[in-house]
Amino acid sequence: QNVDYYIYDLLKKRKELHNMENKYTDAKIICIDFDNTIFIPEKEIDNYEWKMFHHDMNIYNGYGKPNLLLLEFLRQYEYTPMYCITHDSSYACEVKRNYIQSLLDRDVPTFAVSNPDEKIPVMEVIANTNNVAKSDVLLIDDRQRTIELAHIDGFMAEIPQRIMQDIYVNLHKTENTD
């Protein structure tokens, strides 16, 4: 079994993710990307557009896997409003929303944008609607340009690999203090 599953099992037993010493642990709203962030594709999905248009809820089976470490991180924020903003067609929202709900056991409203750069204005609307400062909104996205644009606009933003790295570091700290 790979390292991610091993670390995931350790974290589930210890429930120590929330002790990470990063500023993003205080986020009041979390916005997440889907592809290459929540879902890690291993191969191209056959007939993707057709399946999405027809709301095939099994579309991801056999084509990749969920990012278990990131999901465990997100589970620590069960009372924090969470949104998915994905670069995809609008008819993909329902399928992605249901997939995330099956993984996190909670509803995560999902919005589609036609260009990844459009995630920033959507986050502004989310922040304003929730009466939360942009600096209290965390974006987790695999696209570096989107992360940079979010920082420029005053949001917290991290690539999923950075959060996963912080999980590993935190786990190592806790193992050395036991």
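Participant: Explain the pattern of salt bridges here, please?
Facilitator: Side-chain pairs of opposite charge can arise where the charged atoms are in close proximity. Taken as a whole and assessed by the stated rule, the structure comprises 11 salt bridges. A salt bridge links Asp33 to Lys119; the shortest N-O distance between them is 2.9 Å. Of this pair, Asp33 sits in the loop between β1 (29–32) and β2 (39–41) while Lys119 sits in helix α5 (residues 119–129), and the two are 86 residues apart along the sequence. As far as burial versus exposure is concerned, Asp33 and Lys119 are alike and both buried. Taking the shortest distance from any N to any O, the salt bridge between Glu124 and Lys134 comes out at 3.8 Å. One end of the pair, Glu124, is in helix α5; the other, Lys134, is in the loop between α5 and β6 (137–140), and 10 residues separate them in sequence. We classify Glu124 as partly exposed; its relative accessible area is 27%. Several salt bridges converge on common partners, so that one network encompasses Asp33, Lys119 and Asp141.

Participant: Hey, could you run me through the environment of Ser90 in this one?
Facilitator: Positionally, Ser90 belongs in the loop between β4 (82–87) and α4 (93–104). Considering only alpha carbons, one finds Ser90 and Ser114, 24 residues apart in sequence, at a separation of 8.6 Å.

Participant: Any chance you could explain the nonpolar core here in plain terms?
Facilitator: Across soluble globular proteins, you tend to see nonpolar side chains buried next to one another. Judged by nonpolar contacts, the single largest core of 34 residues is most densely connected at Ile30, Phe34, Ile38, Tyr60, Phe73, Leu74 and Ile140. Looking at this core, the elements that each hand over two or more residues are β1, α2 (48–53), α3 (68–75), β4, α4, β6 and α7 (160–177). When residues no more than four places from it in sequence are discounted, the contact partners of Ile38 are Ile32, Asp33, Lys65, Pro66, Asn67, Leu70, Leu71, Leu74, Ile100 and Leu103. If you look at the next biggest cluster of nonpolar residues, it comprises 16 residues, including Ile29, Ile85, Leu139 and Ala150.

Reading the values: the criteria
Residues numbered from 1 in each chain as written. Predicted model: local features only at pLDDT ≥ 70, side-chain atom pairs only at ≥ 80, totals over all residues. Heavy atoms only, no water. Salt bridge = Lys/Arg side-chain N within 4 Å of Asp/Glu carboxyl O. Helix = DSSP H or I, 4+ residues; strand = E, 2+ residues; numbered from the N terminus. Buried < 20%, exposed > 50% of the residue type's maximum accessible area, 1.4 Å probe, protein only. Core = buried A, V, L, I, M, F, W, Y, C linked by side-chain atoms within 4.5 Å. Contact = heavy atoms within 4.5 Å.

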